[in-house]
Each structure stands twice: as C-alpha cells, then as structure tokens.
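Take a look at the letters that make up each chain.
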Amino acid sequence: MGLLDYDFMQRALLASLMVGLVAPAVGVFLVQRRLSLLGDGLGHVALTGVAVGVLTATSPVWTALVAAVLGAVLIELVRARGRTSGDVALAVLFYGGIAGGVVLLSLAPRGQATNLDSYLFGAITTTSREDVVVFAGISVVVLLVVALLGQRLYAVSDDEEYARAVGLPVLGLNVVLAALVASTVVLSMRVVGLLLISALMILPSAIAQLLARSFRETVLLACLIGVLVSVSGTATSFYTGTPSGGTIVLLAIGLFLLVTSAVALRESTARRRHRRRVDVHDAHPHEHGAACGHPPVPHGDHVDYDHDGHLHAPHRTGRGVHYDEHGEHPVPAPPNR
Amino acid sequence: MTPEFPAIRLRGATIGYGDVPIVRNVDLTIAAGEAVAVLGSNGSGKTTLSRGLLGLATMLDGDMQVLGAPVGRLRERGRVGYVPQRHSISGAVPATVREAVAVGRLARLGLFRPLGAADRRAVADAVAAVGLGDRLDDKVAALSGGQQRRVLVARALAAEPELLIMDEPTAGVDAASQEALAGTLATISASGTTLVVVTHESAPLAGVLTRAVVVDHGRVAYDGPLSEAGHHDEHLHHHPPEREPAGYRLDQPTVTPRSATTRER
C-alpha cells in the first residue's frame, strides 16, 4: 500500500504542508528581529496548555493555543516595560512552560493516553480530522495577517526605534507577531512537535537569506523550502518509523549545511580567481594617491587611478591594499556622470 | 504659505530617560524652514534633546510642541522625518534599497493601506535624491557604509517630511557621501523643509545649516548664527566630556572606522 492510502498519512501530510508554509513566513520576522528563540519559549508554554487540555479532557490543541497566545502577549508586555530584559523573560517562559507541563501531565489519571514524546517531537499518527480543520483555520488567519501587515512587521522587526519615532504602533505590532508565532507553534504540535517547531521557523529562513536578494524573495523562498522539508520529512518518517519532527529538522539542517558550503565554496573560488587576476598588481610599486602622478578617475561609488591607460581600483584587504583592474580608460577622461 | 506655528517650540522642557533628567529647562523655538545644527560633545545631551522631539525620550517637565502639536499627540507622524545615528541598516535578512526606503513611506499610510503607485514613486525619488538611483534593487548590505547612511536619509525623505531630524549624519562617512548629503540637504532645505541636525562636527554641512544651538551639560550654552558658534565649540573641545564612549572623540578625523564608533544615548 502506498503512502496516501492511509487516512492518517493524508492528514499528516496536509498538516505538514500547512506548517511548512506558515512557519517560515512567520519565522523570517523573528530572524530579522534577532529573536529566533521566541518560538522555542512559546513551544514550552504550549506544553502547559496541552497538559491542561489532557487534565480537563478538552482538545489539547485549543488549550495549547490559548496558553501560547497568552504567553506571547505576556512576554511582549514584559519586554515593553523594560524592567526585565527580554532574555530573562524568555528564560522564565522556557522553564515555567516545561515544568508546568510535566507536573500537570503527571497528575493526569492513570490509563489516559499522555504520550509526552509525540507532543514534544511530533508523530505522524496523531493528527485527527478535527486537528486538520483547526490547522487550516490557523494557517489562513496567519497567512492573511502576514500578507496584510507584512511590511509593517518588517519595519518594526528591522528598526524598532525608527518605527516608534515615525508613529507605527510598535507594541501592537510586536504583540501581533508574537501571537502569530504562538499560533504557528500550535499548528506544528502534531507533526513537528513543540520542542522542534522553532527549527522550522528559523532554518528555512536561514537558508533562504543565503540565496535571496531581497526581503520579499527571502520570505517566498523560505516558504518553499519549508514546504519541501516538511512534506518530505513527514513522508520519510512513514518509511523509517522515526519521529516526524526530528526527521524534518534533520533534513532542514542537512539542506542548510549543503547550501552554506556551496555558498562558501563559490565565494572562495571567486576570491581565488580574483587573487590570480590581480596578482600582477600585488607588488604595485606605490600606493595611488593625490601625489602619485596617476590621475584619479571617479568610477561609480569609488575613485580609480589611470595607470598608463587602464584603471586601477584600490582594494583594501586584511593583507593591505592591492589594485583591481577596472578596464581600459577611454581618453580623454569623461566627466563624472 | 508660512504655517502659523513654529516647527519646534520648547518651553522649560526637561527631557530624560525613566525619571533621570538629561536635558534641563530648555527654551527653544525653531521656525518652519530653518536649518539648525544642534552641537555639543558626547554626553552633552544633544542626542537626548533630539530624541525628546521624536517621542523616544521622556519629557519630564515643561512644554514641548512639534509642528504645532504636543509630542506624542501629533496625528500624522509621517510629517516628522528621522535619520538615526546608525552605521549600517543591513539586518539579518537581506533587503533591497527599495525595501529599506519603503519603510519610511509607511508612516504616511497608517496601519493597513498598502503602498500605491504614488508611494512607490516617492520611494524612487527619495533614493534618487541621495544619489543612489541606480542602486534601487541592490542589496543594502552590498553598499558601502557611507552609502548605507544615505539610504537612511532616503528612508526619512520618502515620507516627504516637513521637519527632518538627523543624528550625526556625517560621522564615519566618506567625503564623497558627505558632499552628496550636503547637496541633498541644500535641496530639501530650499524646498522649505525644516532641518535639525545633531552633530559634533558642523563643518561638512556648514553651507546648509545657518543656526547653531550648542548644548553643554544638559543646557543650551549658545543659540545663534552657526558662523559665530566657533568660540563655544572651542570651549567644548577643552572640556573633557562625561560618559564618552571609547574611541569616539571630538577631535577625531571625519572618517572613523565603523567598529570604533558607538551609539550615543
């Protein structure tokens, strides 16, 4: 039997598609804001919500959502008050969330299914029909908010002080972003797991920013990468029998290492080629300057020097200055622009 | 048409952070269209003064009006432009010059309105005004430090502000970018925009700024023509400033290494 013949796999793949798309769309803003660990903190808080759900025999997805959103609002208010640093506030959230979750879960009556592992690390068999419906609702809301407020969220994440100076509602936007993160955490609790969701918010964005040229491109590429690793990781875990969350995250890390080394390789080749090309001028007899006799020629954003008809551009590196060839110099010198 | 209110009016204003006053009892009126340098050493309070005008520092006492409204009550904050003292604007995630400057335009649009065609044109115009028109779709991180500072200026200009407040726009900027900045400021000043430039070196912008307000130890020590502020500047040179960040001194050459400069509070 194939993958899609199982109802539970259909639901797991649907859930993984949604979380793969949504998590990076929110995560990019966290990376921009250098608050990558917020997802982790809220994942921990969500565990307390799960435990409350198990104890009161209500759906843990809803209780987790309430707990995570409350935690998100709380942490933004604490950060805005400025009394406790965001760092310490996050730490308290981490510990409190996990401790509360574990203690409350241990109070659950015996015989009740409380598989802690599946909440923490994800499991493909756990997504219920009701979950899929709730997840779809969360996904639509989160993506709509990002589409509507994306530019403002970018502004606040990029330069909070500037945003405040020009009158953007900074606290409000921060709370919205935190609530989006909280919703995404809950969206992930079946397939990826509460301890690993942060990875799916951060890693696709970390990969995308190595390749993209704009913020918009980064968001779109991150979502694509998120869907790719999330769905393929879920499918893989079906065959290997491993927890889906761990499998997805390992795939994402693999991709991250691959892209990082490819980029590093490309840069070092370019550097080596560059060095070979400018070898001749490494041993340039003098440093070009006002008094060297070679006329300066403005060239875009820098000044070249006319060295017997070809242009030398100073290039400062850690090992001193050398001169890059910036082409022939048409005579006479053209006026700047 | 001259607006009936001054661009800035401070009466007995005391500004600080938390409940700690930094600038005390300042009276200052700046008329619409003036080009003013706020001078002083590090720790003098000049940056706190400008941050108070932006609502980023707390007014502890007195009265402070910007564009005819109490700070914080000004409805259209897009009317005030701000260039922070920042040496780079490339965040963790790559962004193009266009994207970075578009942020400045958002202030005029409220919370939900998306950028329209006119807004996109204003963004492109602002980038062109700082001489980076050909770099619109380049990554900000690929620009030099001086060019990134010009992007910050463009971001403020994109909102077409009536009042432009700049914090150390020339510090650590190469000569070419300083010249470009002076040219840009001359143009927008001629069009009637009020300029308030916080700086510890007025020389690069001496052709644009006409009035000087010298802040020393949290008080206004001089207020008059920039050309006659020299004596007071001299006085500042010999006064070892308090709480001076390492490696950031008045007598330093114009071009400072990026790593050596520290943000002033």
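I will try to describe carefully the structure that is included in this document.

Cut-offs used in this document
Per-chain numbering applies: the sequence of each chain, read as written, is numbered from 1 onward. Starting at A for chains and at 1 for ligands, labels are handed out in the order in which the entities are written. Only residues with pLDDT of at least 70 are given local features in this predicted model, and only at 80 or more are side-chain atom pairs given and counted; all residues enter the totals for whole chains, interfaces and linings. Each side-chain value is derived from all of the structure's non-hydrogen atoms; neither hydrogens nor water enter the calculation. Going along the chain from the N terminus, every DSSP run of H or I of four or more residues is numbered as a helix, and every run of E of two or more is numbered as a strand. Working definition: with a 1.4 Å probe on protein chains only, accessible area under 20% of the residue-type maximum means buried, over 50% means exposed, and in between means partly exposed. Here, two residues are considered to be in contact whenever any of their heavy atoms come within 4.5 Å of each other. To define axes, lines are fitted to C-alpha atoms, for helices over the stretch in contact only, and angles between the resulting N-to-C directions are given on a 0 to 180 degree scale. Roughly parallel refers to an angle under 35 degrees, roughly antiparallel to one over 145, roughly perpendicular to one between 65 and 115, and oblique to any angle outside these ranges. Throughout, a crossing is termed right-handed when the near helix is turned clockwise from the far one, and left-handed when it is turned anticlockwise from it by less than a right angle. Amino acids are sorted into nonpolar (Ala, Val, Leu, Ile, Met, Phe, Trp, Tyr, Cys and Pro), charged (Asp, Glu, Lys and Arg) and polar (every other residue, Gly among them). Being paired, for any two strands, means DSSP has found at least two bridges between them. Salt bridges, as used here, are contacts in which a Lys or Arg side-chain nitrogen is within 4 Å of a carboxyl oxygen on Asp or Glu.

### Some words on the overall build of chain A
Logical step 1: Helices and strands together make up the secondary structure of chain A, namely 11 helices and four strands.
Logical step 2: The buried share of chain A, reckoned over its 337 residues, is 48%.
Logical step 3: Put simply, of all contacts in chain A between residues at least 6 apart along the chain, 70% involve residues at least 24 apart.

### Here's the deal with the environment of Val213(B)
Residues and elements named next belong to chain B.
Logical step 1: By the secondary structure assignment, valine 213 is in strand E9 (residues 211–216).
Logical step 2: By relative accessible area, valine 213 is classed as buried at 0%.
Logical step 3: Placed 173 residues apart in sequence, valine 213 and glycine 40 show a C-alpha to C-alpha distance of 8.5 Å.
Logical step 4: Apart from residues lying up to four places away in sequence, valine 213 is in contact with Leu28, Val36, Ala37, Val38, Leu39, Val220, Tyr222 and Asp223.

### Quick word on the packing of helix H3 (residues 60–81) of chain A against helix H8 (residues 170–188) of chain A
Residue and element names in this part refer to chain A.
Logical step 1: The interhelical angle for the contact between H3 and H8, taken along N-to-C directions, is 150°, at an axis separation of 8 Å. As summarised for this structure, H3 and H8 are arranged roughly antiparallel, according to the angle between their axes. The two elements H3 and H8 cross, and the hand of that crossing is right-handed. Contacts between H3 and H8 involve Val61, Ala64, Leu65, Ala68, Val69, Ala72, Val73, Glu76, Leu77 and Ala80 from the former and Leu171, Asn174, Val175, Ala178, Ala179, Ala182, Ser183 and Val186 from the latter.
Logical step 2: Of the residues that constitute the contact of H3 with H8, the class distribution is 15 nonpolar, two polar and one charged.

### Quick notes on the sheet that holds strand E8 (residues 194–199) of chain B
Residues and elements named next belong to chain B.
Logical step 1: The sheet built from six strands is open, its strands ordered E6-E7-E8-E3-E9-E10 with mixed pairing. Both edges of this open sheet fall to strand E6 (80–83) and strand E10 (219–225), since each of them pairs with a single strand only. Averaged over all pairs of adjacent strands, the angle between their axes in this sheet comes to 15°, without regard to strand direction.
Logical step 2: Judged from the six bridges that link them, E9 and E10 form a sheet pairing that is antiparallel.

### A word on the pattern of salt bridges
Logical step 1: Applying the stated criterion to the full structure yields 15 salt bridges over all chains.
Logical step 2: Arg51(B) is the salt-bridge partner of Glu161(A), the closest N and O atoms lying 2.7 Å from each other. Separated into two different chains, Glu161(A) in helix H7 (residues 160–165) and Arg51(B) in helix H1 (residues 46–53) make up a pair that spans both.
Logical step 3: Residue Arg51(B) is classed as buried on the basis of its relative accessible area, which comes to 5%.
Logical step 4: Residue Asp223(B) is joined to Arg211(B) by a salt bridge in which the shortest nitrogen-to-oxygen separation is 2.9 Å. With Asp223(B) in strand E10 and Arg211(B) in strand E9, this pair connects stretches of sequence that are 12 residues apart.
Logical step 5: Given a relative accessible area of 38%, Asp223(B) falls into the partly exposed group.
Logical step 6: Residue classification places Arg211(B) among the buried positions, given a relative accessible area of 13%.
Logical step 7: Connected via shared salt-bridge partners are Glu34(B), Arg211(B) and Asp223(B).

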